Amino acid sequence: METALTTALNRLVEEEKEALSSQNFDEIIRQHQRRVYRVLYLLLKDVDAADTLTQECFLRAYKKLESFRGECRIETWLLRIAVNLARDHGKSRRASFWRRLIGLEEAEGSETAPRQFRGSQPSPERVLLAREELKAVWAAVATLSQQQRTIFLLRFAEEMSLAEIAVILRLRTGTVKAHLFRATAKVRETVREKSCS
(Lines give C-alpha, C1' and ligand atoms only; values in the text may rest on other atoms or scores of the structure.)
Protein backbone atom coordinates (compact mmCIF):
# COMPACT_ATOMS: atom_id res chain seq x y z
CA MET A 1 0.00 0.00 0.00
CA GLU A 2 1.47 3.34 -1.11
CA THR A 3 1.42 6.15 1.42
CA ALA A 4 2.56 9.75 1.05
CA LEU A 5 5.76 8.88 2.93
CA THR A 6 6.65 5.83 0.82
CA THR A 7 5.85 7.77 -2.36
CA ALA A 8 8.15 10.62 -1.24
CA LEU A 9 10.91 8.16 -0.28
CA ASN A 10 10.63 6.33 -3.59
CA ARG A 11 10.84 9.66 -5.42
CA LEU A 12 14.03 10.56 -3.48
CA VAL A 13 15.58 7.17 -4.35
CA GLU A 14 14.77 7.70 -8.03
CA GLU A 15 16.25 11.22 -7.94
CA GLU A 16 19.49 9.86 -6.41
CA LYS A 17 19.64 7.19 -9.13
CA GLU A 18 19.04 9.75 -11.88
CA ALA A 19 21.74 12.02 -10.43
CA LEU A 20 24.19 9.14 -10.79
CA SER A 21 23.61 8.71 -14.52
CA SER A 22 26.73 8.68 -16.67
CA GLN A 23 25.85 12.10 -18.13
CA ASN A 24 25.86 13.67 -14.66
CA PHE A 25 28.95 11.83 -13.45
CA ASP A 26 31.34 14.71 -14.23
CA GLU A 27 29.28 16.93 -11.95
CA ILE A 28 29.34 14.27 -9.21
CA ILE A 29 33.13 14.15 -9.44
CA ARG A 30 33.35 17.94 -9.18
CA GLN A 31 31.06 18.00 -6.14
CA HIS A 32 32.59 15.15 -4.16
CA GLN A 33 36.23 14.80 -5.26
CA ARG A 34 37.67 17.08 -2.56
CA ARG A 35 35.91 15.32 0.29
CA VAL A 36 36.78 11.84 -0.97
CA TYR A 37 40.42 12.93 -1.31
CA ARG A 38 40.42 14.50 2.17
CA VAL A 39 39.05 11.33 3.79
CA LEU A 40 41.59 9.16 1.98
CA TYR A 41 44.44 11.49 2.90
CA LEU A 42 43.41 11.51 6.56
CA LEU A 43 43.24 7.73 6.60
CA LEU A 44 46.50 7.10 4.70
CA LYS A 45 48.69 10.17 5.40
CA ASP A 46 50.10 9.77 1.89
CA VAL A 47 49.44 12.38 -0.79
CA ASP A 48 50.17 10.06 -3.73
CA ALA A 49 48.10 7.17 -2.38
CA ALA A 50 45.17 9.47 -1.58
CA ASP A 51 45.31 10.94 -5.09
CA THR A 52 45.49 7.52 -6.75
CA LEU A 53 42.72 6.03 -4.61
CA THR A 54 40.48 9.06 -5.21
CA GLN A 55 40.68 8.33 -8.92
CA GLU A 56 40.11 4.63 -8.25
CA CYS A 57 37.08 5.46 -6.10
CA PHE A 58 35.36 7.37 -8.91
CA LEU A 59 36.35 4.74 -11.48
CA ARG A 60 34.75 2.01 -9.33
CA ALA A 61 31.67 4.14 -8.75
CA TYR A 62 31.31 4.73 -12.50
CA LYS A 63 31.65 1.02 -13.24
CA LYS A 64 29.05 0.20 -10.57
CA LEU A 65 26.48 2.84 -11.47
CA GLU A 66 23.90 0.15 -12.12
CA SER A 67 24.38 -1.36 -8.65
CA PHE A 68 23.59 1.93 -6.86
CA ARG A 69 20.15 1.36 -5.34
CA GLY A 70 19.65 4.83 -3.91
CA GLU A 71 19.31 3.60 -0.32
CA CYS A 72 21.79 6.25 0.82
CA ARG A 73 23.09 9.58 -0.45
CA ILE A 74 25.60 9.55 -3.32
CA GLU A 75 28.24 11.07 -1.05
CA THR A 76 27.76 8.31 1.51
CA TRP A 77 28.08 5.66 -1.21
CA LEU A 78 31.29 7.25 -2.54
CA LEU A 79 32.80 7.53 0.95
CA ARG A 80 32.00 3.89 1.62
CA ILE A 81 33.91 2.95 -1.54
CA ALA A 82 36.80 5.23 -0.46
CA VAL A 83 37.01 3.73 3.04
CA ASN A 84 37.03 0.21 1.57
CA LEU A 85 39.82 1.22 -0.84
CA ALA A 86 41.85 2.63 2.07
CA ARG A 87 41.34 -0.58 4.03
CA ASP A 88 42.46 -2.68 1.03
CA HIS A 89 45.44 -0.37 0.50
CA GLY A 90 46.53 -0.89 4.12
CA LYS A 91 46.33 -4.66 3.73
CA SER A 92 48.33 -4.63 0.49
CA ARG A 93 50.96 -2.34 2.07
CA ARG A 94 51.43 -4.77 4.95
CA ALA A 95 51.82 -7.64 2.48
CA SER A 96 54.21 -5.50 0.44
CA PHE A 97 56.31 -4.87 3.55
CA TRP A 98 56.82 -8.60 4.08
CA ARG A 99 57.63 -9.14 0.39
CA ARG A 100 60.24 -6.36 0.56
CA LEU A 101 61.60 -7.80 3.79
CA ILE A 102 62.34 -11.13 2.17
CA GLY A 103 63.65 -9.43 -0.99
CA LEU A 104 60.78 -9.98 -3.42
CA GLU A 105 60.23 -6.24 -4.01
CA GLU A 106 62.31 -3.07 -4.11
CA ALA A 107 61.74 -0.80 -1.13
CA GLU A 108 59.45 2.15 -1.73
CA GLY A 109 60.26 5.77 -0.87
CA SER A 110 59.27 7.30 2.44
CA GLU A 111 55.81 8.71 3.02
CA THR A 112 55.15 12.36 2.44
CA ALA A 113 54.63 14.40 5.61
CA PRO A 114 51.18 15.90 6.21
CA ARG A 115 50.60 19.35 4.79
CA GLN A 116 50.62 22.20 7.28
CA PHE A 117 47.51 24.31 7.76
CA ARG A 118 47.69 27.98 6.77
CA GLY A 119 46.14 30.80 8.70
CA SER A 120 46.87 34.16 10.29
CA GLN A 121 50.34 34.79 11.71
CA PRO A 122 50.36 33.65 15.37
CA SER A 123 53.42 34.05 17.56
CA PRO A 124 56.34 31.64 16.98
CA GLU A 125 55.77 30.16 20.46
CA ARG A 126 52.11 29.50 19.67
CA VAL A 127 53.07 27.89 16.35
CA LEU A 128 55.58 25.63 18.10
CA LEU A 129 53.05 24.61 20.77
CA ALA A 130 50.36 23.95 18.16
CA ARG A 131 52.76 21.82 16.10
CA GLU A 132 53.74 19.80 19.15
CA GLU A 133 50.08 19.28 20.11
CA LEU A 134 49.17 18.31 16.56
CA LYS A 135 52.11 15.90 16.38
CA ALA A 136 51.03 14.32 19.67
CA VAL A 137 47.44 13.92 18.44
CA TRP A 138 48.53 12.36 15.12
CA ALA A 139 50.88 10.00 16.99
CA ALA A 140 48.03 9.00 19.32
CA VAL A 141 45.61 8.51 16.41
CA ALA A 142 48.20 6.30 14.67
CA THR A 143 48.12 3.90 17.65
CA LEU A 144 44.37 3.29 17.28
CA SER A 145 43.01 0.21 15.55
CA GLN A 146 42.05 0.68 11.88
CA GLN A 147 38.35 0.74 12.77
CA GLN A 148 38.75 3.26 15.60
CA ARG A 149 41.09 5.46 13.53
CA THR A 150 38.62 5.55 10.64
CA ILE A 151 35.71 6.44 12.93
CA PHE A 152 37.77 9.07 14.79
CA LEU A 153 38.88 10.78 11.56
CA LEU A 154 35.44 10.70 9.93
CA ARG A 155 33.91 12.21 13.08
CA PHE A 156 36.45 14.90 13.94
CA ALA A 157 38.27 15.66 10.68
CA GLU A 158 35.25 15.32 8.38
CA GLU A 159 32.68 16.35 11.01
CA MET A 160 30.31 13.56 10.00
CA SER A 161 27.44 12.48 12.22
CA LEU A 162 27.51 9.09 13.95
CA ALA A 163 24.60 7.98 11.74
CA GLU A 164 26.52 8.87 8.55
CA ILE A 165 29.61 7.03 9.77
CA ALA A 166 27.47 4.01 10.64
CA VAL A 167 26.05 3.93 7.10
CA ILE A 168 29.49 4.27 5.48
CA LEU A 169 31.09 1.55 7.61
CA ARG A 170 27.97 -0.63 7.70
CA LEU A 171 27.90 -0.67 11.48
CA ARG A 172 25.23 0.09 14.03
CA THR A 173 25.24 3.64 15.37
CA GLY A 174 25.77 2.30 18.90
CA THR A 175 28.87 0.40 17.74
CA VAL A 176 30.25 3.56 16.11
CA LYS A 177 29.57 5.49 19.31
CA ALA A 178 31.37 2.90 21.44
CA HIS A 179 34.42 2.84 19.11
CA LEU A 180 34.51 6.64 19.06
CA PHE A 181 34.32 6.84 22.85
CA ARG A 182 37.22 4.40 23.27
CA ALA A 183 39.27 6.07 20.52
CA THR A 184 38.77 9.56 21.99
CA ALA A 185 39.65 8.36 25.49
CA LYS A 186 42.82 6.68 24.23
CA VAL A 187 43.90 9.75 22.23
CA ARG A 188 43.31 12.04 25.23
CA GLU A 189 45.20 9.72 27.57
CA THR A 190 48.14 9.36 25.17
CA VAL A 191 48.39 13.12 24.58
CA ARG A 192 48.13 13.82 28.33
CA GLU A 193 50.91 11.30 29.09
CA LYS A 194 53.18 12.88 26.48
CA SER A 195 52.56 16.40 27.78
CA CYS A 196 53.34 15.32 31.37
CA SER A 197 56.61 13.60 30.43
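Residues numbered from 1 in each chain as written. Predicted model: local features only at pLDDT ≥ 70, side-chain atom pairs only at ≥ 80, totals over all residues. Heavy atoms only, no water.

A.B. asks: I tried to follow helix H5 (residues 124-142) on my own but got confused; where do I start?
C.D. replies: The α-helix winds at 3.6 residues per turn, so residues separated by three or four positions along the chain end up facing the same way. When the terminal C-alpha atoms of H5 are compared, their 27 Å separation across 19 residues agrees well with the 27 Å that a helix rising 1.5 Å per residue should span. Looking only at H5, the buried set comprises Ala136, Ala140 and Val141. Taken around the axis of H5, the buried residues stretch over an arc of 135°, which confines them to a single face. When the buried face of H5 is taken as reference, the exposed residues oriented beyond 90 degrees from it are Pro124, Leu128, Lys135 and Ala142. Contacts made by the buried residues of H5 are with helix H6 (146-156) and helix H8 (173-196). (Helix = DSSP H or I, 4+ residues; strand = E, 2+ residues; numbered from the N terminus. Expected span 1.5 Å × (residues − 1). Buried < 20%, exposed > 50% of the residue type's maximum accessible area, 1.4 Å probe, protein only. Arc of directions from axis to C-beta. Contact = heavy atoms within 4.5 Å.)

A.B. asks: Looking at this structure, how should I read the packing of aromatic side chains?
C.D. replies: Aromatic rings considered in pairs are described by the distance between their centres and by the relative angle of their planes. Throughout the structure, instances matching the rule amount to 4 aromatic pairs. Considering the side-chain rings of phenylalanine 25 and phenylalanine 58, the 6.5 Å spacing of their centres and the 75° angle between planes classify their relative orientation as edge-to-face. Note that phenylalanine 25 is positioned in helix H2 (residues 25-44) and phenylalanine 58 in helix H3 (residues 47-63), a separation of 33 residues in sequence. The burial state of phenylalanine 25 is the same as that of phenylalanine 58; both residues are buried. Relative to tyrosine 41, the ring of tyrosine 37 has its centre 6.3 Å away and its plane inclined at 10°; by these criteria the two rings are stacked. With tyrosine 37 and tyrosine 41 both in helix H2 and 4 residues apart, this pair spans about one turn of that helix. Take tyrosine 41: its relative accessible area is 14%, and that puts it in the buried class. (Phe/Tyr/Trp six-rings, centres within 6.5 Å; stacked < 30°, edge-to-face > 60°.)

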